[in-house]
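Summary of structural features
What follows is the residue order along each chain.
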Amino acid sequence: MPVNMAGCTTDCVEKPISICFQKFGRFVGTYPWWFFLSPLVISAVLGSGFYFLEEREANDIEDQFTPVNGPAKLERQFVQENFPQNDSVFSNQRLYTDGVYASFIAVSRSSNILTDAAFQEIVTLDRKVKELNAAMGHEVLTFEGLCARRYKKCIPNKILDIYKYYGNNLEKTELTFPFFRFGFSYIFLGYSVGGVKINSTVIKSAKSVRLLYFLKEDNRTRTDLWLNEFLKVFPSNLSLNFIKVTHSTSLSRQVEFEANTRDVIPLFSITYVIAIAFSILSCLRFDCVRNKVWVATFGVLSAGLAVLSAFGMMLHIGVPFVMTVANSPFLILGIGVDDMFILISCWQQTNVHDQVETRLSKTYKEAAISITITTLTDVLAFYIGLMTPFRSVRSFCLYTSTSILFCYIYSITFFGAFLVLNGRRENSNKHWLTCKEVPEECPIGQSKWYELCCVGGAYDPHTGKEEVQPMNHFFKKYYGPFLTKSGTKVFVIVLYCIYLIISIYGCFQIQEGIDLRNLAADDSYVVKYYDNEKAYFSEYGPNIMVVIRREFPYWDEKYMSDLETCIEDFKNLSFIEKDIFTSWIKSYKYYGYHSKLNLSAEDVFKDNLGSFLRFYSDFKQDVNFTNNSIHASRFFIQTVNISTALDEMNMLNKLRETAQKCPVPLLVYHPAFIYHDQYAVIVTNTIQNIAVTTAVMLLISLLLIPNPLCSLWVTFSIASVIVGVTGFMALWDVNLDTISMIILVVCIGFSVDFSAHISYAFVSNKKPSANEKAVEALFHLGYPILQGAVSTILGVVVLSASKNYIFRTFFKIMFLVIFFGLFHGLTFIPVFLTFFDMCSGTPAKKKSGPEEQAMKNSHVNNVQAMARDGEVKEREIYDNRNFQPDNNRTCQSQPCSAIWMITGNNHHVLENHVCVASTIPMFRVDSQTYEVHMYAPSDDTRLRVNCQSKGQNSEGQNCVLGNSNHIQDSNVPTLNCSDLAIL
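This one's a predicted model, so the numbers in the text were calculated from it and none came from an experiment. Numbering of residues starts from 1 in each chain and follows the order in which that chain's sequence is written. Where totals are concerned, whole chains, interfaces and linings use all residues; where local detail is concerned, this predicted model gives features only for residues with pLDDT of at least 70, and gives and counts side-chain atom pairs only at 80 or more. Water and hydrogen atoms were dropped before computing side-chain values, which therefore reflect all heavy atoms in the structure.

Concerning the packing of helix 26 (residues 678-704) against helix 27 (residues 708-731)
In the contact formed by helix 26 and helix 27, the axes pass within 8 Å of each other and the chain directions differ by 155°. Taken together, helix 26 and helix 27 sit at an angle that is classed as roughly antiparallel. In this structure, the crossing between helix 26 and helix 27 has a hand that is right-handed. Every residue of helix 27 that contacts helix 26 at Ile690, Thr694, Met697, Leu698, Ser701 and Leu702 is listed here: Pro708, Ser711, Leu712, Val714, Thr715, Ile718 and Ile722. Think of each axis as a best-fit line through the C-alpha atoms, taken over the contacting stretch in the case of a helix, with angles from 0 to 180 degrees between the N-to-C directions. Only runs of H or I of at least four residues qualify as helices and only runs of E of at least two qualify as strands under DSSP, and these elements are numbered from the N terminus. Orientation categories follow fixed angle ranges, with anything under 35 degrees roughly parallel, anything over 145 roughly antiparallel, 65 to 115 roughly perpendicular, and all other angles oblique. Handedness of each helix crossing follows the sense of rotation of the near helix against the far helix: counterclockwise by less than a right angle gives left-handed, clockwise gives right-handed. Contacts: residue pairs with any heavy atoms within 4.5 Å of one another.

Spelled out as structure tokens, the structure:
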């Protein structure tokens, strides 16, 4: 338990919780079957919620991956109310949604697609699309019956009209770009012809052509059937020699996104097998009794039951199941196995001769606080994630936090109960597989294989605990002492500075936002379409609506001057094409000029507006002119060179800033802004979540880790890991989006896990110096932490093979979180803790009683006697205060059997011998590992002490002798005086 550490002990919460868990552990140990079977029944009941899985699925991309109350959604509502679509005069420029469409992009196999041969194949594709039919009951759905219309005709692809007009002469025709005069109108080719090379404005060659087939939006059931048929047959059974084709529809992104869930199901099965295999290998013992194979198996089963219970309960309640939630089981498996390793480690530190109830109570007393800290931090981190405006993040956090709670509950009930049942088997010295009793020692004449398979139940006779595993010895004998050397500490500090510099640099390279193409699998046809779209059609971006959202005096030159200034501000933006501008007011003034109308007069302006809008039907959709008032109107500006997420973010921010600065009440809108809204909130929301979560983590650490300074080190570890993960994920080409934001919240919980385990072990052990405390903490928890980290990485490593961006991103960030968290927990934090004596602590001074004062005086007299013939050398004094009162008479002439002899100062002890009562335990302390080796007195135990070893004179030394009747025996083992403790 914690001691007074420079007056900063904070065990007022930790101590009562430890006592409660100790009592609970004894209760579980007394009635293990109840706690073993109850979680199985509960899991079966709650697991029935998976019956509702299909109806709880909520994978609508807009609903789940865009901010709930994003500004663009409010802007869309305003546009929808003021500018309703006219189905008879379709205009894709004026859509307030993405529209309903099918599309394909043809890419030439040669340098130029504007050839007769290429266009013949394109026309063939066009014909097949228009001939495509879908069945709806007895009704046949055709493109002609579903197409969006303009003046009762399906919306044509103008580039095909141009080809049909020019035919074989297309290559010789001087097509101007981006506008081409065709008949009496100008056709915009920026969205139809891509990869162009021009001389002045004339196209010399083009690499690609895009065709779009828009459908009516009045009956989505009918159009969805036709689009699904399009996806089934297009472009199969086509022999294309001159072009390569990619295709997509307005449904494709959603359909492909929902298909990703099928990708993860087999991966989870593989993960579960890997987790069980690793757990078994980690807990494997070459002792057929102490083997922990079944313990490891049921530890993994405990995590699986937690997922089954939590998910089932959420589905019963009605919580939406989003595809991001499919990442959660991988995470829970790692967390559950981590808790299992901590509990097994603490169980192995208990005395094997104790009753199993006592062993479990001691296990819970030591481990419960540690796993409680990590559970609280993880759960609260996810619950804080519920504050985000993204529904996908909320669902993930809710499912995962509930799963972690169940994982914790099942660890201290189901898994704890199994530890007891397994402990009963071990107490009976029964084989782990056959459950038959086996001998503790190998019978004479049996082979090594027999000893390995049929002999077990070994334990450390000095401590009564299970034998220490090799990896624990590695941390205590090699890694811990090496880490606490001065040179190593300097190297660790330099390494940390390098880590911090690279991380901070990476933080400035972070990109924001999720690319919608990443919502589909890598091998999806949609990705290929998006790649071609980006390669050949990124020069001209979205056509933006600029809406005047209130009544405005368009006839007043003063007010119009303000509006024109704002329009110029928009045109002067670097990503706006000045020459492409669509405005009803500009056309109306042109109309008024030629009609000799005085549009500066309000009544003239309004009286003639109706006839103008009837003549120009497109502009009728741009003005909300009702009850002789203009309630709202809009014009359009054209963006260029918007190809990256950064371009999209800058475009949206600059457009909104320009609109806000204008004295005229404006808003800007495009359907893509619904998705771009994430840029406006994702950074601030991530910072908010991290700040709040870190503060909560600090509070928990202060309450449960019995030292404030070490709690601050835990908080420092959180900040350090977050900086590292953020920086390195940017260098690993991972954007800051809704997916990575989830994992950054996870990052906080996991960074607490590793540092909290080590910090708690550091401040709660009783070693006298900081270096010793660090070594002891690593000895007890270094291997379990390493096991937990490796198990978590193994839990998500299969996701690296996923074809989906979401799952691969989850793996990348989780790998960074675990790797950096592990490095902090096993390297940085132990080193940093040794620099502060307040965390190392010193035993509290107590008022000495008569016995303690007498022993102190005796010890001082001995030291003074040793110093008479030379300088007293500095020694470490190991106090053993557990001496039992002894009324036996000391020897006068002949040494008594079973009584140890101890030499004092040769100048003052008669015949160099003093008899000491046999109840005083004698021991030797290893100067390298600090292990205590006990020597129990008995009649036939013999011991010789070499008082002249290492060139030391026997005078002035305190030496232990065995029974003097046997001192002359040459077979008696010899100990050097320098190895013995001073009593």
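So, the pairing of strand 10 (residues 202-205)
For two strands to be treated as a pair, DSSP must find at least two bridges joining them. Two elements, strand 9 (residues 197-199) and strand 10, share three bridges in a ladder whose sense is antiparallel. Paired with Lys197 across the two strands is Ser205, which belongs to strand 10. Here strand 9 hands over to strand 10 after two residues, with Ser200 in that stretch at a positive phi of 65°.

Re the packing of aromatic side chains
Each aromatic pair joins two rings of Phe, Tyr and Trp (for Trp, the six-membered one) with centres within 6.5 Å, and gets the label stacked for planes under 30 degrees apart, edge-to-face for over 60, and tilted for any other angle. Following the criterion strictly, the structure yields 75 aromatic pairs and no others. A ring pair is formed by Phe278 and Phe341, whose centres lie 6.1 Å apart and whose planes are at 90°; its orientation type is edge-to-face. Of this pair, Phe278 sits in helix 11 (residues 261-283) while Phe341 sits in helix 13 (residues 328-348), and the two are 63 residues apart along the sequence. Neither Phe278 nor Phe341 differs from the other in exposure class; each is buried. Summarising the aromatic geometry, the rings of Tyr496 and Phe716 are spaced 5.8 Å apart at their centres and angled 50° between planes, so their arrangement reads as tilted. Remark: Phe716 occurs in helix 27 and Tyr496 occurs in helix 18 (residues 486-507); sequence separation between them is 220 residues. Among the residues examined, Tyr496 registers a relative accessible area of 8% and is labelled buried. Residue classification places Phe716 among the partly exposed residues on the basis of a relative accessible area of 26%. Each residue is placed in one exposure class: buried if its accessible area under a 1.4 Å probe, protein chains only, is under 20% of its type's maximum, exposed if it is over 50%, and partly exposed if it falls in between.

What to know about the packing of helix 1 (residues 14-30) against helix 14 (residues 356-384)
Two elements in contact, helix 1 and helix 14, have axes whose closest approach is 7 Å; the angle formed by their N-to-C orientations is 140°. As far as their axial angle goes, helix 14 and helix 1 are oblique. Regarding helix 1 and helix 14, the two cross each other, and that crossing is right-handed. Judged by residue contacts, Glu14, Ile17, Ser18, Phe21, Gln22, Phe24, Gly25, Arg26, Val28, Gly29 and Thr30 of helix 1 engage Glu357, Thr358, Leu360, Ser361, Tyr364, Lys365, Ala368, Ile369 and Thr372 from helix 14. Side-chain classes are defined by residue name, with Ala, Val, Leu, Ile, Met, Phe, Trp, Tyr, Cys and Pro counting as nonpolar, Asp, Glu, Lys and Arg as charged, and the others, Gly among them, as polar. Class assignment of the residues belonging to the contact of helix 1 with helix 14 gives a composition of eight nonpolar, eight polar and four charged.

Some details on the pattern of salt bridges
Salt bridge, as used here, is a side-chain nitrogen of Lys or Arg placed within 4 Å of a carboxyl oxygen of Asp or Glu. The full count for this structure, using the stated rule, is 25 salt bridges. Ionic pairing is found between Asp126 and Lys130, a salt bridge with its closest N-O pair at 3.5 Å. Of this pair, Asp126 and Lys130 both sit in helix 6 (residues 116-130), four residues apart, which is roughly one turn of the helix. The partly exposed category is assigned to Lys130, whose relative accessible area is 41%. Across the pair Asp224 and Arg220 runs a salt bridge, and its minimum N-O distance is 3.9 Å. In this pair, Asp224 and Arg220 both sit in helix 9 (residues 220-233), four residues apart, roughly one turn of the helix. What emerges from the salt-bridge pattern is a single network uniting Arg290, Lys292, Arg359, Arg425, Glu426 and Glu466.

Re the state of the cysteines
Put simply, a disulfide is two cysteine sulfurs that come within 2.5 Å. Counting across every chain of the model gives two disulfides. Here Cys147 is linked by a disulfide to Cys154, with a sulfur-sulfur distance of 1.8 Å. The chirality of the disulfide connecting Cys147 with Cys154 is left-handed, given an S-S dihedral of about -65°. As far as the burial class goes, Cys147 and Cys154 line up, both buried. Each sulfur in the disulfide pair Cys566 and Cys662 lies 1.9 Å from the other.

Points about the confidence of the model for the protein chain
Per-residue confidence from the prediction method is given by pLDDT, with values spanning 0 to 100. When pLDDT is averaged along the protein chain, the result is 80, and 83% of the positions lie at 70 or above. Per-residue pLDDT stays below 50 along residues 1-8; that stretch engages in 26 contacts with residues further than four places along the chain or on separate chains. Across residues 936-983, confidence stays below pLDDT 50; counting only partners more than four residues off in sequence or on other chains, it has 111 contacts.

Quick look at the sheet that holds strand 12 (residues 243-249)
Across a sheet, strands are paired by hydrogen bonds formed along the backbone, either parallel or antiparallel in direction. Spatial ordering of the open sheet is given by 8-11-1-12, a layout of four strands whose pairing is antiparallel. Single-partner strands in this sheet number two, and they are strand 8 (193-194) and strand 12. Where strand 1 (residues 100-108) and strand 12 come together, seven bridges link them in antiparallel fashion. Residue pairing across strands places Ala106 opposite Val245, the latter belonging to strand 12.

Points about the nonpolar core
Working definition of a nonpolar core: buried Ala, Val, Leu, Ile, Met, Phe, Trp, Tyr and Cys residues. They are joined through side-chain atoms within 4.5 Å. Membership of the largest hydrophobic core comes to 177 residues, with the highest contact counts inside it found for Trp584, Leu655 and Leu666. The greatest single-element share of this core, amounting to 18 residues, is contributed by helix 30 (residues 805-833). The residues touching Trp584, leaving out its near neighbours within four places in the chain, are Tyr554, Phe605, Leu609, Phe612, Phe619, Asp622, Val623, Ile630, Ser633 and Arg634.

Things to note about the side chain of Asp116
Tracing the backbone shows Asp116 in helix 6. Note that His is not counted, nor are the chain ends; the positive residues are Lys and Arg, and the negative ones are Asp and Glu. For the buried residue Asp116, which engages in no salt bridge, the nearest side chain bearing the opposite charge is Lys172, 11 Å off. Sequence-distant contacts of Asp116, defined by excluding residues within four places in its chain, comprise Tyr163, Asn168 and Glu171.

Looking at helix 30
Any helix carries an expected span of 1.5 Å times its number of residues minus one. Between its terminal C-alpha atoms helix 30 stretches 39 Å, which fits the 42 Å expected from 29 residues at 1.5 Å a residue. Here the bend at a residue means the angle between the axes of two seven-residue stretches, the one that ends at it and the one that starts at it. The largest bend along helix 30 reaches roughly 45° and is located at His824. Here helix 30 lies mainly inside the structure; 24 of its 29 residues are buried. Nitrogen and oxygen atoms within 3.5 Å of one another constitute a polar contact, given that in protein one can donate a hydrogen and the other can accept it, and given that sequence-neighbouring residues count only through two side-chain atoms. The distance from a side-chain oxygen at the start of helix 30 to the backbone nitrogen of Ile806 is 2.9 Å, and the residue carrying that oxygen is Asn804.

Examining a nonpolar patch on the surface
Taken together, the side chains of Val490, Val494, Ile498, Ile502, Tyr505 and Leu731 present a nonpolar region at the surface, about 530 Å² in accessible area. If you tally residues by element for the nonpolar patch, the top one is helix 18, at five residues. Mapped onto the secondary structure, Leu731 falls in helix 27. Residue Leu731 is classed as partly exposed on the basis of its relative accessible area of 41%. Nonpolar side chains (Val, Leu, Ile, Met, Phe, Trp, Tyr) are joined into patches within 5 Å and like charges within 9 Å, using only residues with over 30% relative accessible area and no salt bridge. Methods summary: accessible areas were calculated by the Shrake-Rupley approach with a probe of 1.4 Å, and residue burial reflects only the protein chains presented.

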